[in-house]
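The lines below spell out each chain.
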Amino acid sequence: MALFLHRTAPGRRLMATGANPQAAEYSLISTRRVWTLAFAFSGVASALVAMLVSGFAGSVDGGIGDPYLLQSVVAVIVGGTVFGGPGDYSRTLIGALFLTFLNVVLVGKGATPADQNMIYGAAILIAVALYGREAATARSHMI
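Since the structure is predicted, the reported quantities are computational estimates derived from the model, not experimental observations.

Draft legend 1. Spotlight on the overall build of the chain. Each helix and strand counted, the chain has 7 helices and 0 strands in total. Tracing the chain from N to C terminus, the helices and strands come up as α-α-α-α-α-α-α. Burial statistics for the chain: of 143 residues in total, 17% are counted as buried. Summed over its atoms, the accessible surface of the chain is roughly 10,200 Å², and 70% of this surface lies on carbon and sulfur atoms.

Draft legend 2. Seen up close, unusual backbone geometry. The phi angle at Leu-28 is positive, at roughly 65°, despite the residue not being glycine. Tracing the sequence through the fold places Leu-28 in the loop between α3 (21-26) and α4 (31-57).

Draft legend 3. Seen up close, the layout of surface pockets. Quantified by volume, the largest pocket comes out at close to 1,000 Å³. Along the walls of the largest pocket sit 28 residues, with Met-1, Phe-4, Leu-5, Leu-14 and Ala-38 positioned nearest its centre. The computed volume of the second largest pocket comes to approximately 300 Å³. Taken together, Val-49, Val-53, Tyr-68, Gln-71, Ser-72, Ala-75, Val-76, Tyr-89, Thr-92, Ala-96 and Leu-99 form the lining of the second largest pocket. Taken together, the elements giving at least two residues each to the lining of the second largest pocket come down to α4, α5 (66-81) and α6 (89-108).

Draft legend 4. Seen up close, a nonpolar patch on the surface. Together, Met-1, Phe-4, Leu-14, Phe-41 and Tyr-89 make up an exposed nonpolar region whose accessible area comes to about 500 Å². Owing to a relative accessible area of 43%, Tyr-89 belongs among the partly exposed residues under this scheme.

Draft legend 5. Structural context of a positive patch on the surface. Together, Arg-7, Arg-12, Arg-13 and Arg-33 line one region of the surface with positive charge. On the secondary structure map, Arg-33 appears in helix α4. On the basis of relative accessible area, Arg-33 is assigned to the exposed category, the value being 58%.

Calculation rules
- Residues numbered from 1 in each chain as written.
- Predicted model: local features only at pLDDT ≥ 70, side-chain atom pairs only at ≥ 80, totals over all residues.
- Heavy atoms only, no water.
- Helix = DSSP H or I, 4+ residues; strand = E, 2+ residues; numbered from the N terminus.
- Buried < 20%, exposed > 50% of the residue type's maximum accessible area, 1.4 Å probe, protein only.
- Areas by Shrake-Rupley, 256 points an atom, 1.4 Å probe, with all protein chains shown as cover.
- 1 Å grid on protein atoms, 1.4 Å probe; cavity = no way out; pocket = protein on both sides within 12 Å on 5 of 7 lines; lining within 4 Å.
- Points joined across faces, edges and corners; volume = space filled by probe spheres on them.
- Patch = residues over 30% accessible without salt bridge, like charges linked within 9 Å, V, L, I, M, F, W, Y side chains within 5 Å.
- Salt bridge = Lys/Arg side-chain N within 4 Å of Asp/Glu carboxyl O.
- Lys, Arg positive; Asp, Glu negative; His and termini not counted.
- Charge placed at Lys NZ, Arg CZ, Asp CG, Glu CD.

Shown next, in the form of structure tokens:
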């Protein structure tokens, strides 16, 4: 995915549209088409993952993916902020690996799902606080 985003024309169009849609329009990128294709791909990928998760669980339920929601958000936020600025697929992967390590430690220590969610929330707060301090420090040095 990182190679696709950084080394192909469609990937660079997607990155440009996500970073600054107005500048992408000025660069003659059809942002409407990029958004439509991105949402279509997201829907197809979600359907495939839903089939895999329901097959793994052995049953289908509307809330079957709920335990994964907070974890995925934490992986993106921690990967994008703590491990270096704007979001990137490889940084999100680092965040997911960190979260997997944290999850293994928490399960090993006997933490309940509620405890795990509280620690994930604390990880978000810490990541955002660290990112906010870096941005403020950088701005104060620029002045």
